[in-house]
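Below, each chain spelled out in residue letters.
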Amino acid sequence: MDGRGHCRLSVPDISCGKCLGAVERALSDCEGVVSARANLTLRQVSLVLRSPGTDPKPALDRLGAHGYPATLIDFAVPSDERVDDTARGLLRCLAVAGFGATNIMLLSVSVWAGAEGASRDVFHAVSALIALPVVAYAGRPFFASALTALKGRRLNMDVPISLAVLLATAISLVETAMRGPHVYFDAAVVLLFFLLVGRYLDQLMRAKARSAVTSLARLASRGAMREGPDGTVAYLALDQIRPDMVLRIAPGERIPVDGCILSGVTDLDRSLVTGEHAPVSAGPGVALEAGILNLTGAIRMRVLRPAEDSFLAEVSRMLEAAEQGRGAYVRIADRAAQLYAPVVHLLAALTFLGWFVATGEWYPSLFIAISALIITCPCALGLAVPVVHVAAAGRLFRQGIMMKDGSGLERLATIDCVVFDKTGTVTTGTPVVADGGPDLSEDRAVAAALAARSLHPASRAIAATGDALPAPVEDLRETPGCGVEGRVAGRRARLGRADWVAEIASGALPTASGPAFALEGGPVSVFTLSETLRDGVAEAVAAFRAAGLRVEILSGDGAGAVEAVARKIAFDAVHHGATPADKIAHLKALQAEGRRALMVGDGLNDAAALAAAHVSMAPGSASDAGRMAADFVFTREGMGAVTDAHRIARRAARQVRQNFGIAIAYNCVAIPLAVAGYVTPLVAAIAMSGSSIVVVANAIRPERRVSAKDPAPAARKAAA
């Protein structure tokens, strides 16, 4: 815990890249707020407060004063329920607009068929009676957003839309009152209908893009049964659960917060953490992450962290941060969106003036200007980057990979070099006994009993080789830096560093390296340990090399251990004996050569290197410092997660470029046509909504099937 408070605000009026900057600037000097990050797809703001008890009300007031009414998000209400409320409201407006458009179009057909005089005036009057309530109700999403923006002395994309609808309706009312031949109620209402179709589909596609985030809400328990000091049991809501409380978890319930099992044996579904769906047996002492499912047995658990600091909350924050990074593409889109609002209105004004000067007729000139207002709305450009990043974050999450920042996704797509740490990354970090040690089973049992006293990885490997019956070892104690010592039938026994063990032994010291064991007065035996390669690491290295990337191993271990791994896997370069400073220096040297390196590491000594690399990844088993420093964290056991992440990042980069191309091509074609008078307001509405839908659909379209020529078939097969 960092001593800070965290909360999220719902800000429904966030609608474009310009809004993101405006919201964050408004909160930059707000009382009690350390930092604020706005999220376009979720329409939320994540706040870091000075302390957990800091009141977010000043932030709410500040946003309201700047034209962005906000509410504090209730974590008890899943985010997908809030999204459903918005979608239902849009659907009601769409139904009303569809009803009005259908009836007004029927009346308009009669006028187009030749109705004149009193008949035409009656049709116009009836159209007005239908159009006014329809525009007032169905236009609320646009009018409310535009009014809020204007109150905050800013412009958003709903301002030109509202202006266009109101101008068309007002002109039609004037024409109806003056018994004119032309009204445009049909254009105004149909315009709203198609705009609402686009807005509703956009809402549904955004919901699909952030499905990985909203699905976590369904994994979160709303509370749990707490066991009191006197043995009584009472239900507690999630936000009331505190560290060191004892909870009872029945079969079929999800773990509400991070903790560890005190008593009971069960099977767990840990697929949320590891990506593996096979049940895992668990008993006392086993760590539990929030969100995993208890399958078979009732257990008692001790709470380690509150809900806001749990594994599930951390994953949610990573996913929600997916589009908040300010990478190169995001900055380009933000700058363009900020320029759009004034340019749109200026272009519409110039279009009106130009046509009025050329024709002398203000009705046609005004409607051409209205078309220009609508068709130049920057919706597609504003969605080009964030919706891709959110969709990519969902794909990564389904592959067991958490992304902290959208800019990290951009950097991962550009790498030309991959640098692996060894222990815990290329290898599992858990050694196994390959050979050696005492010949007699009794002595092996003694060595295993000594090893069980230590937490050293080598000791755990030796402890696993002991007999089922425990050895009668007494006076066990561990000497830091040397090993473990005890007594067996009055004789001293030692396990650890060879020279330390030799002090009580007889005979020559073996030349083999590894943990040594001896009984007092007896010979020294040496255990030979070997490391197990992490699943999929050879395939991952081969896939990167096949794709033209340079692959290196950079380890702090000795030459023998590193070379043993290098003999099994074909790296382009092997570096051993590297200190943390050496690792940073090597990464800087690669950067000086113009290379963009992905660093994959897990240890505390890798944290600085992970932070210094162009982009970095760490396994979920990494140290806290390693996970904090890395741009990506993967919870799968296999190294295929690294190639999967690279593939998804490259695909996301292609989609962003495609979306920019779609937005630019749309504007290059649509704007000249609108200014030239070839586009009606109705066609403009269809085109504008269609461009946004195409951009979002491109971001969330499913991946193509794996090609036989793919350089990373193993990783793609795993993803499929």
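Check the entry above for the structure.
None of the values given here were measured: they were computed from a predicted structure.

**Student:** Explain the overall build of the protein chain to me, please; I cannot follow it from the model alone.
**Tutor:** Counting its secondary structure elements, the protein chain contains 27 helices and 26 strands. For the protein chain, buried positions account for 52% of its 720 residues. For the protein chain, the computed accessible surface area is about 31,500 Å², with 59% contributed by carbon and sulfur atoms.

**Student:** Even after reading the chapter, I still don't get the packing of aromatic side chains, so can you show me in this structure?
**Tutor:** When we look at a pair of aromatic rings, we describe it by the centre distance and by the angle of the planes. Applying the stated criterion across every chain, the model contains 2 aromatic pairs. Seen from their ring centres, Phe-352 and Phe-356 are 5.9 Å apart, and the 15° between their planes marks the pair as stacked. On the criterion of helical spacing, the pair formed by Phe-352 and Phe-356 is a turn pair, its members being 4 residues apart in helix H11 (residues 328-359). On the basis of relative accessible area, Phe-352 is assigned to the partly exposed category, the value being 24%.

**Student:** Whenever I open this one, a nonpolar patch on the surface confuses me. Can you help?
**Tutor:** A cluster of nonpolar side chains, namely Met-225, Val-233 and Tyr-235, defines an oily patch on the protein surface of about 260 Å² accessible area. Note that Val-233 resides in strand S6 (residues 233-237).

**Student:** Honestly, the packing of helix H6 (residues 158-177) against helix H12 (residues 362-375) in this entry has me stumped. Any pointers?
**Tutor:** In helix packing, the relevant descriptors are the interaxial angle and the interaxial distance, both defined with respect to the helix axes. One can describe the packing of H6 onto H12 by two numbers: an axis separation of 8 Å at closest approach and a directional angle of 155°. For the element pair H6 / H12, the angle class is roughly antiparallel. As H6 runs across H12, the sense of the crossing is left-handed. In this structure, H6 uses Pro-160, Leu-163, Ala-164, Leu-167, Ala-168, Ile-171, Val-174 and Glu-175 to contact H12, whose residues at the interface are Tyr-363, Leu-366, Phe-367, Ile-370, Leu-373 and Ile-374.

**Student:** Any chance you could explain helix H25 (residues 640-675) here in plain terms?
**Tutor:** For an α-helix the count is 3.6 residues per turn, leaving residues at separations of three or four pointing the same way. Over its 36 residues, H25 extends 52 Å from the first C-alpha to the last, a length consistent with the 52 Å expected when each residue adds 1.5 Å. At the exit of H25 stands Gly-677, carrying a positive phi of roughly 90°.

**Student:** Explain the environment of Val-615 to me, please; I cannot follow it from the model alone.
**Tutor:** Along the chain, the position of Val-615 falls in strand S25 (residues 615-619). According to the relative accessible area criterion, Val-615 is buried, its value standing at 0%. The spatial distance from the C-alpha of Val-615 to the C-alpha of Arg-411 is 6.2 Å, given a sequence separation of 204 residues.

**Student:** Would you take a moment to explain the sheet that holds S25 for this structure?
**Tutor:** Sheet strands pair via backbone hydrogen bonds, and the direction of the pair is either parallel or antiparallel. Taken in spatial order, the 7 strands line up as S14-S26-S25-S24-S15-S22-S23 in an open sheet, and their pairing is mixed. For this open sheet the edge positions go to strand S14 (401-403) and strand S23 (573-575), each flanked by a neighbour on one side alone. Neighbour to neighbour, the strand axes of the sheet diverge by 20° on average, direction disregarded. As paired strands, strand S22 (residues 550-554) and S23 are joined by 3 bridges and run parallel to one another. Bridge pairing links Ile-553 to Val-574 in S23. Sitting on the sheet, helix H14 (residues 386-398) touches S14 and strand S26 (632-634), and the angle it makes with S14 is about 155°.

**Student:** Please explain the pairing of strand S8 (residues 259-263) as it appears in this structure.
**Tutor:** Residues in a regular strand project their side chains so that they alternate between the two faces of the sheet. Pairing of S8 with strand S11 (residues 287-288), which is carried by 2 bridges, proceeds in the antiparallel orientation. Within the sheet, the bridge partner assigned to Gly-259 lies in S11 and is Leu-288. Looking at chain direction, S8 and strand S13 (residues 299-303) are connected through 4 bridges and run antiparallel. For Cys-260, the partnering residue across the bridge sits in S13 and is Arg-302.

**Student:** Even after reading the chapter, I still don't get the side chain of Ser-525, so can you show me in this structure?
**Tutor:** Tracing the backbone through its elements, the reader meets Ser-525 in strand S21 (residues 525-533). Using a relative accessible area of 17% as the deciding quantity, one classes Ser-525 as buried. Excluding anything up to four places from it in sequence, Ser-525 contacts Gly-437, Pro-438, Pro-515, Ala-516 and Phe-517.

**Student:** Where do I start with the nonpolar core in this structure?
**Tutor:** One broad trend across soluble globular proteins is that nonpolar side chains are buried collectively. Residues Phe-420, Leu-598, Val-600, Met-617 and Phe-632 are the most contacted members of the largest nonpolar core, which totals 47 residues. With 9 residues, the top contributor of residues to this core is H25. With 44 residues, the next largest nonpolar core counts Ala-87, Ala-128, Ile-161 and Met-688 among its residues.

**Student:** Before we go on, may I ask you to explain the environment of Leu-155 in this structure?
**Tutor:** Its location among the elements puts Leu-155 in the loop between helix H5 (140-151) and H6. Along the chain, Leu-155 and Pro-342 lie 187 residues apart, while their C-alpha atoms are 7.8 Å from each other.

**Student:** Please explain the pattern of salt bridges as it appears in this structure.
**Tutor:** Where charged atoms from two side chains of opposite charge come close, those side chains can pair. Summed over the entire model, instances satisfying the criterion amount to 19 salt bridges. With its nearest N and O atoms 3.5 Å apart, the salt bridge here joins Glu-485 to Arg-494. The class of Arg-494 is buried, set by a relative accessible area of 7%. One network of salt bridges, in which partners are shared, links Arg-477, Glu-485, Arg-492, Arg-494, Glu-503 and Glu-520.

**Student:** How should the sheet that holds strand S5 (residues 223-227) be read in this particular structure?
**Tutor:** Here we have 6 strands laid out as an open sheet, ordered S6-S5-S7-S13-S8-S11, and antiparallel in their pairing. The sheet is open, and its two edges are formed by S6 and S11, each paired on a single side. Bridge count for S5 against S6 is 5 bridges, and the pairing is antiparallel. Within S6, the residue paired with Arg-226 across the bridge is Ala-234.

**Student:** Whenever I open this one, the side chain of Ser-310 confuses me. Can you help?
**Tutor:** When you line up the elements, Ser-310 lands in the loop between S13 and helix H10 (311-320). A distance of 2.9 Å separates a polar atom in the side chain of Ser-310 from the backbone oxygen of Ala-307. Once residues lying within four places of it in the same chain are set aside, the contact partners of Ser-310 are Asp-258 and Ala-290.

**Student:** I'm lost on the pairing of strand S3 (residues 44-49) in this one. Help?
**Tutor:** Among the 6 residues that make up S3, 5 are buried, leaving the element largely enclosed by the rest of the structure. As judged from the 6 bridges shared by strand S2 (residues 33-39) and S3, these two strands associate in the antiparallel manner. The residue of S3 that forms the bridge with Val-33 is Leu-49.

**Student:** Hey, could you run me through unusual backbone geometry in this one?
**Tutor:** Peptide bonds are trans in most cases, and residues, glycine excluded, mostly fall at negative phi. Of note, the phi angle at Asp-244 is positive, near 75°, even though the residue is not glycine. Structurally, the position occupied by Asp-244 is in the loop between S6 and strand S7 (246-249). Since its relative accessible area comes to 56%, Asp-244 is described here as exposed. One non-glycine residue with positive phi stands out, namely Asp-475, at about 55°. Assignment of secondary structure puts Asp-475 in strand S17 (residues 474-479).

**Student:** Just checking my understanding: could you explain the packing of H5 against H6 for this structure?
**Tutor:** Where H5 meets H6, the closest approach of the two axes is 8 Å, and the angle between their N-to-C directions is 120°. Accordingly, the angle class assigned to the pair H5 and H6 is oblique. With respect to the hand of their crossing, H5 and H6 are arranged in left-handed fashion. Contact residues: Pro-141, Phe-142, Phe-143, Ser-145, Ala-146, Ala-149 and Leu-150 in H5; Asp-158, Val-159, Ile-161, Ser-162, Val-165 and Leu-166 in H6. A breakdown of the residues in the contact of H5 with H6 according to their chemical character gives 10 nonpolar, 2 polar and 1 charged.

**Student:** I would appreciate a short explanation of the environment of Ala-449 in the present structure.
**Tutor:** One can find Ala-449 in helix H17 (residues 441-451). Sequence-wise, Ala-449 and Ala-464 are 15 residues apart; in three dimensions their C-alpha atoms are separated by 9.7 Å.

Reading the values: the criteria
- Residues numbered from 1 in each chain as written.
- Predicted model: local features only at pLDDT ≥ 70, side-chain atom pairs only at ≥ 80, totals over all residues.
- Heavy atoms only, no water.
- Helix = DSSP H or I, 4+ residues; strand = E, 2+ residues; numbered from the N terminus.
- Buried < 20%, exposed > 50% of the residue type's maximum accessible area, 1.4 Å probe, protein only.
- Areas by Shrake-Rupley, 256 points an atom, 1.4 Å probe, with all protein chains shown as cover.
- Phe/Tyr/Trp six-rings, centres within 6.5 Å; stacked < 30°, edge-to-face > 60°.
- Patch = residues over 30% accessible without salt bridge, like charges linked within 9 Å, V, L, I, M, F, W, Y side chains within 5 Å.
- Salt bridge = Lys/Arg side-chain N within 4 Å of Asp/Glu carboxyl O.
- Axes fitted to C-alpha atoms, helices over the stretch in contact; angles between N-to-C directions.
- Parallel < 35°, antiparallel > 145°, perpendicular 65-115°, else oblique.
- Left-handed = near helix turned anticlockwise from the far one by under 90°.
- Contact = heavy atoms within 4.5 Å.
- Expected span 1.5 Å × (residues − 1).
- Pairing = 2+ DSSP bridges.
- Core = buried A, V, L, I, M, F, W, Y, C linked by side-chain atoms within 4.5 Å.
- Polar contact = N/O pair within 3.5 Å; in protein donor to acceptor, adjacent residues only side chain to side chain.
- Nonpolar A, V, L, I, M, F, W, Y, C, P; charged D, E, K, R; others polar.

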